[in-house]
Amino acid sequence: MNRHQLPVLNGHVAESSILTDGTRKKIHPADVRGRFLRARRLVFVALIALWLLLPVVRLGGHPALFLDVEHRRFFVFGATFNPQDFWLVFFLATGVGFGLVYATAVLGRVWCGWACPQTVFLEALFRPIERLVGGPREARLRGTPLPRRVLKHALYLVASAFVAHVFVSYFVSASSLAAMMRGAPSAHPEAFGWMLATTALFYGNFAFFREQTCVALCPYGRLQSVLIDDDSLVIGYDEARGEPRGKKGKTTGDCVDCNRCVVVCPTGIDIRNGLQMDCIACAQCVDACDEIMDKLDRPRGLVRYDSLRGLRGETRRILRPRVWLYTGLAALGLIVFFLAARSRTSFEATLVRQPGAPFSREPDGVRNGFFVHVVNKKAEARRYVIEAEPAEGLRFVVPVTEVDVGPLTDHRVPIFVSAPSDLRGRPTVRIRVRDDEEVRVVEATFLGGAP
Ligand code: SF4
Ligand code: SF4
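None of the values given here were measured: they were computed from a predicted structure.

(A) Representation of the overall build of the protein chain within the structure. Check the secondary structure of the protein chain and you find 16 helices and 16 strands. Over its C-alpha atoms the protein chain spans a radius of gyration of 31 Å, topping by over 25% the 22 Å that the globule rule assigns to 451 residues. Once the C-alpha set of the protein chain is aligned to its principal axes, its extents read approximately 110 × 60 × 40 Å. Classification of the 451 residues of the protein chain by burial places 27% in the buried group.

(B) Expanded view of the sheet that holds strand β15 (residues 428-434). Pairing within the open sheet is antiparallel, and its four strands lie in the order β13-β11-β15-β16. With one partner strand each, in any of the chains shown, β13 (402-405) and β16 (439-445) form the two edges of the open sheet. Adjacent strand axes in the sheet meet at a mean angle of 25°, parallel and antiparallel pairs treated alike. With four bridges connecting them, strand β11 (residues 382-388) and β13 associate as antiparallel partners. When the sheet's bridge partners are listed, Tyr384 is paired in β13 with Val403.

(C) Looking closely at the packing of helix α6 (residues 146-172) against helix α8 (residues 189-209). Closest axis-to-axis distance for the α6/α8 pair is 8 Å, and the angle between their directions is 135°. Regarding the angle of α6 to α8, the classification is oblique. Seen from above, α6 lies across α8 with right-handed handedness. Side by side, α6 and α8 meet where His153, Tyr156, Leu157, Ser160, Ala161, Val163, Ala164, His165, Phe167, Val168 and Val172 of the first sit next to Ala191, Trp194, Met195, Thr198, Thr199, Phe202, Tyr203, Phe206 and Ala207 of the second. Each residue belonging to the contact of α6 with α8 can be placed in one class, and the counts come to 15 nonpolar, five polar and no charged.

(D) Fine view of the packing of helix α4 (residues 117-134) against α6. Here α4 crosses α6 at 160°, and the two axes come no closer than 9 Å. With respect to α6, the axis of α4 lies roughly antiparallel. As for how α4 packs across α6, the hand of that crossing is right-handed. Counting all contacts with α4, which are made through Phe121, Leu125, Phe126, Ile129, Glu130, Val133 and Gly134, the residues of α6 involved are Arg148, Leu151, Lys152, Leu155, Tyr156, Ala159 and Val163.

(E) The nonpolar core, seen in detail. Membership of the largest hydrophobic core comes to 32 residues, with the highest contact counts inside it found for Ile235, Cys261, Ile271, Ala281, Cys285 and Val303. Elements that contribute at least two residues to this core include exactly α9 (211-217), β6 (234-237), α13 (260-263), α14 (284-296) and α15 (308-311). Among the elements that make up this core, the one with the highest residue count is α14 (four residues). In this view, Ala281 contacts Gly108, Arg109, Val110, Cys112, Gly113, Val234 and Ile235; residues no more than four positions away in its chain are not counted.

(F) Looking closely at the site of ligand 2. Around ligand 2 lies a shell of 15 residues, among which Cys255, Cys258, Arg260, Cys261 and Cys289 are the nearest. At the level of secondary structure, the elements contributing two or more residues to the shell around ligand 2 comprise α13 and α14. For the shell around ligand 2, the element with the highest residue contribution is α14, accounting for three residues. Broken down by class, the residue content of the shell around ligand 2 amounts to ten nonpolar, two polar and three charged.

(G) The sheet that holds strand β5 (residues 79-81), seen in detail. On the basis of which strands lie adjacent, the open sheet formed by three strands has the order β3-β4-β5 and antiparallel pairing. Edge positions in the sheet fall to β3 (65-68) and β5, since each of these pairs with one other strand and no more. Each adjacent strand pair in this sheet contributes to an overall mean axis angle of 15°, direction not counted. Alignment of β3 against strand β4 (residues 73-76), held across four bridges, turns out to be antiparallel.

(H) The site of ligand 1, seen in detail. Around ligand 1 there are 14 residues in total, and Cys265, Ile271, Cys279, Cys282 and Cys285 lie nearest to it. In the shell around ligand 1, the residues fall into twelve nonpolar, two polar and no charged.

(I) Seen up close, the confidence of the model for the protein chain. Of all residues in the protein chain, 97% have pLDDT values of 70 or greater, and the mean over the chain is 91. Considering only residues more than four positions removed or in separate chains, one finds that residues 5-13, a stretch of pLDDT under 50, has 16 contacts.

(J) Highlighting the pairing of strand β10 (residues 365-376). Pairing between strand β8 (residues 347-353) and β10: seven bridges, direction antiparallel. The partner of Phe347 across the bridge, within β10, is Asn376. In this structure, strand β9 (residues 360-362) lies alongside β10, joined through three bridges in antiparallel fashion. Its bridge partner being in β10, Ser360 is matched across the sheet by Arg367. Between the end of β9 and the start of β10, which pair antiparallel, lie two residues. In this structure, β10 lies alongside strand β14 (residues 410-419), joined through ten bridges in antiparallel fashion. Following the sheet pairing, Val372 is matched in β14 by Val413.

Analysis parameters
- Residues numbered from 1 in each chain as written.
- Chains lettered and ligands numbered in written order.
- Predicted model: local features only at pLDDT ≥ 70, side-chain atom pairs only at ≥ 80, totals over all residues.
- Helix = DSSP H or I, 4+ residues; strand = E, 2+ residues; numbered from the N terminus.
- Rg over C-alpha atoms; globule rule 2.2 N^0.38 Å.
- Buried ≥ 20, exposed ≤ 12 C-beta atoms within 10 Å, placed from the backbone.
- Pairing = 2+ DSSP bridges.
- Axes fitted to C-alpha atoms, helices over the stretch in contact; angles between N-to-C directions.
- Parallel < 35°, antiparallel > 145°, perpendicular 65-115°, else oblique.
- Left-handed = near helix turned anticlockwise from the far one by under 90°.
- Contact = placed C-beta atoms within 7 Å.
- Nonpolar A, V, L, I, M, F, W, Y, C, P; charged D, E, K, R; others polar.
- Core = buried A, V, L, I, M, F, W, Y, C linked by C-beta atoms within 7 Å.
- Near = placed C-beta within 6 Å.
- pLDDT = per-residue confidence, 0-100.

Rendered as structure tokens:
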């Protein structure tokens, strides 16, 4: 089998944000213009708009996405889930996880370069602040004067606090967040603490740690060497066309060794050294090189989106065994999730034995005690009727025959079942629980009868 190994350095000295002695090289990517940057900016705007709208837009009377952990209820695009539905997350995570694996096998690190929150917030929010306050790359390389540095970090803090507030609103709802912001922090210390912690986290990440999250921390980034193969779409340098590199007119290669592709790279690598784990496929080097090729009146695409096979001049295969496998697994997870989510019931009922001895002997016979446990899975209060199904030899005492259960909460109703001491066997106890839409029959075994 043909195995591809990463990274491919081809004998050149490796460029990276982490130097060979383990120290970090500060990256100041140069500005770039081009079609991919324009397209990415549009995607960033759309994603940020979606991120801002999800906790605000209401579907079915609740925010489109509201993970109300405190009250253990979760509103997702009009559907309401409670902790009893948590098993669905397994299938959702399987479908989405294999969907990402599928996307990586076909499109490479499209997630990293175009949609990952790390990239979106860094490039759309924090990098523009840096450029606005610090000036062009040359000025930033010389060092930003102290007052401007202070201003830059103050703006970073404001941006981090903004991101943190929206993040917290997914867990407390936008309306509650607005009310909290008008009140004193002491009135809601937990939410305030979470907001401070996430602000600090975002500030540390976007002001200082930056590309190191991608190159050293992110587990998805570390998985690239197994997810990408020779047919995946990657950003690559056409070595056959570019080499031997050198000044215009001095060599036959198309690469004029201008280093533009290196200075625009947000992770500080040289794509001409081959595909590397640090490459987040942001396509900034593609735009940078295309600009140079335009100036030299040479065809674009010396650095381009292509597969490793395509860069070698071979034909790229889209459909291959691993793609079929990932497609099947992703589809399986998502189909099971949607079918299971659609078939969810509006309430759950179970018959559980009361704590203590499973039965007691009374002067008039044997007695078993149960609870009917009713879980209302709807976002509004419901009334449930509880009835015993008659059974030969069994006497039922149902002290509460109608119970009101609040939205997404549960309730236990005691039930007592008696039988004469000479009852033989282990008859089945059946209880009907119904609201105005559905009926459930829950069962348990009566214990203590004669053998
Ligand atoms: S090598 Fe190119 S695509 Fe990869 S991270 Fe650097 S600029 Fe982005
Ligand atoms: S931008 Fe293009 S021409 Fe310039 S060094 Fe990079 S690959 Fe060579």
